[in-house]
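So you can see what is in the structure, the chains are spelled out below.
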Amino acid sequence: ILNVEQSPQSLHVQEGDSTNFTCSFPSSNFYALHWYRWETAKSPEALFVMTLNGDEKKKGRISATLNTKEGYSYLYIKGSQPEDSATYLCALRSGSARQLTFGSGTQLTVLP
Amino acid sequence: DAGVTQSPTHLIKTRGQQVTLRCSPKSGHDTVSWYQQALGQGPQFIFQYYEEEERQRGNFPDRFSGHQFPNYSSELNVNALLLGDSALYLCASSFTGGGTEAFFGQGTRLTVV
């Protein structure tokens, strides 16, 4: 059973602060690491799919890095806005498995 | 272009009953996966359907079964409902020949009383 861990479980930041959170995963048989943003009562929205060690991806104020050798990925949000408030999920696809193994998510609240 | 759609959005059932949840994949997608999200946890993989067959299955009992139709839509059936089956059920679609990205529906909230 794969163990994907996210930290912190939740955090509150002030509008304008930059923040980051972590996704840890087993490094063996790595295939891809996904980040999703999930607002309440909406569908999880795909942010990034990362496959190569050292990958860095950016989408507006959000960016992510990947280290497959040590088994972690960071998600960064620069200048947080209230609309960034959501749960951020990472999910691992490994080996020949076709399913995603999710972490429990980091719940971000950005206070105005 | 409609994304992944699921129905119904909410459902209340009694212990022992059976339930069917439905999913229409994003246009152009041929693969449907189902996930269960219990409170405070990340989504857990139930199974995946491709070419109308179950291609991979997670650690869920046989009470959970599914079906995929020729138009790629899918159903999730749960028999003999237990209180512990109360959860959000998510459907994700993808294109087998197009990389690894999966798109999710909004989910069906099932409450078993």
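You'll find the structure just up there.
This text gives an overview of the structure that appears in the document. Keep in mind it's a predicted model, so treat the numbers as computed, not measured.

So, about the interface of chain A and chain B. With 21 residues of chain A at the contact, the number on the chain B side is 18 residues. When chain A packs against chain B, the two sides together hide about 1,600 Å² of surface, and 57% of this comes from carbon and sulfur. Applying the counting criterion to the chain A and chain B interface returns zero salt bridges. On inspection of chain A and its partner chain B, the count reaches six residue pairs in polar contact (both at pLDDT 80 or more). Among the secondary structure elements, those contributing two or more residues to the side of chain A that touches chain B are strand E4 (30-38), strand E5 (45-50) and strand E9 (86-94) of chain A. Among the elements that take part in the side of chain A that touches chain B, E4 of chain A stands out by supplying five residues, more than any other. Of the residues that constitute the side of chain A that touches chain B, the class distribution is 12 nonpolar, six polar and three charged.

In the structure shown here, the tally under the stated rule is 12 aromatic pairs over all chains. Here Tyr 35 of chain B and Phe 104 of chain B contribute two aromatic rings whose centre-to-centre distance is 5.7 Å and whose plane-to-plane angle is 50°, an arrangement assigned as tilted. Taken as a pair, Tyr 35 of chain B in strand E4 (residues 31-37) and Phe 104 of chain B in strand E10 (residues 103-104) lie far apart in primary sequence, 69 residues in all. The burial state of Tyr 35 of chain B is the same as that of Phe 104 of chain B; both residues are buried. Taking 5.1 Å as the distance between ring centres and 65° as the angle between the ring planes, the aromatic pair formed by Phe 60 of chain B and Phe 64 of chain B counts as edge-to-face. Phe 64 of chain B shares its class with Phe 60 of chain B; the two are buried. Grouped by ring-pair contacts, the aromatic residues Tyr 36 and Phe 102 of chain A together with Tyr 35, Phe 45 and Phe 104 of chain B constitute a single cluster. Its end group placed over the ring of Tyr 31 of chain A, Arg 93 of chain A keeps NZ or CZ at 4.5 Å from the ring centre. The side chain of Lys 26 of chain B reaches across the aromatic face of Phe 103 of chain B, ending 5.1 Å from its centre.

What counts and what doesn't
Residues numbered from 1 in each chain as written. Chains lettered and ligands numbered in written order. Predicted model: local features only at pLDDT ≥ 70, side-chain atom pairs only at ≥ 80, totals over all residues. Heavy atoms only, no water. Contact = heavy atoms within 4.5 Å. Buried area = accessible area lost by both parts, 1.4 Å probe. Salt bridge = Lys/Arg side-chain N within 4 Å of Asp/Glu carboxyl O. Polar contact = N/O pair within 3.5 Å; in protein donor to acceptor, adjacent residues only side chain to side chain. Helix = DSSP H or I, 4+ residues; strand = E, 2+ residues; numbered from the N terminus. Nonpolar A, V, L, I, M, F, W, Y, C, P; charged D, E, K, R; others polar. Phe/Tyr/Trp six-rings, centres within 6.5 Å; stacked < 30°, edge-to-face > 60°. Buried < 20%, exposed > 50% of the residue type's maximum accessible area, 1.4 Å probe, protein only. Lys NZ or Arg CZ within 6 Å of the ring centre and 35° of its normal.

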